[in-house]
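# Tertiary structure, described
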Amino acid sequence: KYLPMSEEEEGKVFPLSRCFIYFSGANDSFFCGYELEEFGNGCVSAEELCRMNFENVQLLVLSACFSGFGEVSYTQGLLGIRTALLSHKIPFIVLSLWEVDDFASAVFMEYFYNKIIYEKLPVPKALNDAKRYLRTVTLGKLKKMGWFKLNRIKRLGLVADTMLELSLCSDEIKLFEKPKYWAGFILLK
C-alpha cells in the first residue's frame, strides 16, 4: 500500500516511508491503538525494509496482494516494497502484481516450496512449474491432497462454507486455470 504525499510533505518526507506491508494485527493497532511490544504495529514500511539486513537471504517471497506493485512518481521514480527489496542483493524475490486468491496462493506456494525443498529445483524453474501446476490441477487432485479437510481449512483461515461448496463440485474442474490465479506471481533477480 502506498500512501500519497501531500504537497506540504513533498521533498520533506522520504517517499519509501509512505509504502507499507500490512501484517495480521495491523487492524488492532489502527483501530484500537494496540501494539505488541515484540511485533510493533503490524506494518513495515519500505524505508524500514531498506535498513534491514538481508545479507544471507537467498529467496524472499511476499505472497501478498500487490506486493510487487509500486507507485510511479515523476520526481522519485518507482516507489514501493519492490524498490526497497531491490536495494538489497537478494538473488530471488517472488512478488505478486495484483490481488491474489487465498486458496490459489496456498496451493501455489505449497507446490512451489516443495519443488525447491524436496526436488531441489532452481527457483525460476520451480516458479514456472508451480504456475503450470496451478493452471492444470483438478479439484479431484486437490481433494486427494487433503485441501478440503476441515482442520486444514481452519488452519488456512479459508471460508469453510465456500470450501464445502467447492468440495461438492465435479472432480474434473480446474479451479485455477485462469491467469488471474497464477500469472501475477513474478520473479525478480
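Residues numbered from 1 in each chain as written. Predicted model: local features only at pLDDT ≥ 70, side-chain atom pairs only at ≥ 80, totals over all residues. Heavy atoms only, no water.

### Some details on the overall build of the protein chain
Of regular secondary structure, the protein chain possesses nine helices and seven strands. Scored against the burial criterion, the 189 residues of the protein chain give a buried share of 41%. Total accessible area on the protein chain stands at roughly 11800 Å², and carbon and sulfur atoms take up 54% of it. (Helix = DSSP H or I, 4+ residues; strand = E, 2+ residues; numbered from the N terminus. Buried < 20%, exposed > 50% of the residue type's maximum accessible area, 1.4 Å probe, protein only. Areas by Shrake-Rupley, 256 points an atom, 1.4 Å probe, with all protein chains shown as cover.)

### A short note on the sheet that holds strand 7 (residues 185-188)
Taken in spatial order, the three strands of this open sheet run 3-6-7, and their pairing is mixed. Edge strands, defined here as strands with exactly one partner in the open sheet, are strand 3 (59-61) and strand 7. Each adjacent strand pair in this sheet contributes to an overall mean axis angle of 20 degrees, direction not counted. This element, helix 4 (residues 102-117), spans strand 3, strand 6 (92-96) and strand 7 of the sheet and lies at about 170 degrees to strand 3. (Pairing = 2+ DSSP bridges. Axes fitted to C-alpha atoms, helices over the stretch in contact; angles between N-to-C directions. Contact = heavy atoms within 4.5 Å.)

### Side note on the confidence of the model for the protein chain
Where the model shows low pLDDT, its predicted coordinates should not be examined in detail. A residue-level look at the protein chain finds 70% of positions with pLDDT of 70 or above and a mean pLDDT of 81. Within the protein chain, the lowest mean pLDDT, 56, falls on strand 4 (residues 71-73), and the highest, 97, falls on helix 5 (residues 123-136). (pLDDT = per-residue confidence, 0-100.)

### Examining the nonpolar core
Ranked by size, the top nonpolar core spans 31 residues in total, and within it Phe103, Val107, Phe112, Leu134, Leu142, Phe148 and Phe176 carry the most contacts. Mapped by element, the contributors of at least two residues to this core are helix 4, helix 5, helix 6 (139-144), helix 8 (160-167) and helix 9 (179-182). Ranked by the residues each element gives to this core, the list is headed by helix 4, at eight residues. With 16 residues, the next largest nonpolar core counts Ala46, Phe54, Leu60 and Ile93 among its residues. (Core = buried A, V, L, I, M, F, W, Y, C linked by side-chain atoms within 4.5 Å.)

### Topic: the side chain of aspartate 129
Position of aspartate 129 relative to the elements: it lies in helix 5. Leave out the neighbours within four places in its chain, and aspartate 129 touches Tyr111, Lys115 and Leu121.

### Brief notes about the packing of aromatic side chains
The final tally for this structure, using the stated rule, is eight aromatic pairs. Their ring planes at 5 degrees and their centres at 4.0 Å tell us that tyrosine 111 and tyrosine 133 sit as a pair that is stacked. Here the residue tyrosine 111 occupies a position in helix 4, and tyrosine 133 occupies one in helix 5, the gap between them amounting to 22 residues. Among the residues examined, tyrosine 133 registers a relative accessible area of 12% and is labelled buried. Ring pairing ties together the aromatic residues Phe103, Trp147, Phe148, Phe176 and Tyr181, which thus form one cluster. (Phe/Tyr/Trp six-rings, centres within 6.5 Å; stacked < 30°, edge-to-face > 60°.)

### Some thoughts on the pairing of strand 6
Side-chain positions along a regular strand alternate between the two faces of the sheet. The buried fraction of strand 6 is high, at four of five residues. For strand 3 and strand 6, the ladder comprises three bridges, and the chain directions are parallel. Bridging across to strand 6, leucine 59 finds its partner in phenylalanine 92. Across four bridges, the pairing between strand 6 and strand 7 is antiparallel. Within strand 7, the position partnered with leucine 95 by the bridge is isoleucine 186.

### Observations regarding helix 4
Here helix 4 is 16 residues long and its end C-alpha atoms lie 22 Å apart, about the 22 Å a rise of 1.5 Å per residue gives. Those residues of helix 4 not exposed but buried are Phe103, Ala104, Ser105, Ala106, Val107, Phe108, Met109, Phe112, Lys115 and Ile116. With a side-chain oxygen lying 3.1 Å from the backbone nitrogen of phenylalanine 103, the N-terminal cap of helix 4 falls on aspartate 101. (Expected span 1.5 Å × (residues − 1). Polar contact = N/O pair within 3.5 Å; in protein donor to acceptor, adjacent residues only side chain to side chain.)

### Considering helix 5
Counted at 1.5 Å a residue, the expected span for helix 5 with its 14 residues is 20 Å, and the 20 Å between its end C-alpha atoms agrees. Those residues of helix 5 lying buried are Val123, Ala126, Leu127, Asp129, Ala130, Lys131, Tyr133 and Leu134. Where helix 5 is buried, its residues touch strand 3, strand 6, helix 4, helix 6, helix 9 and strand 7.

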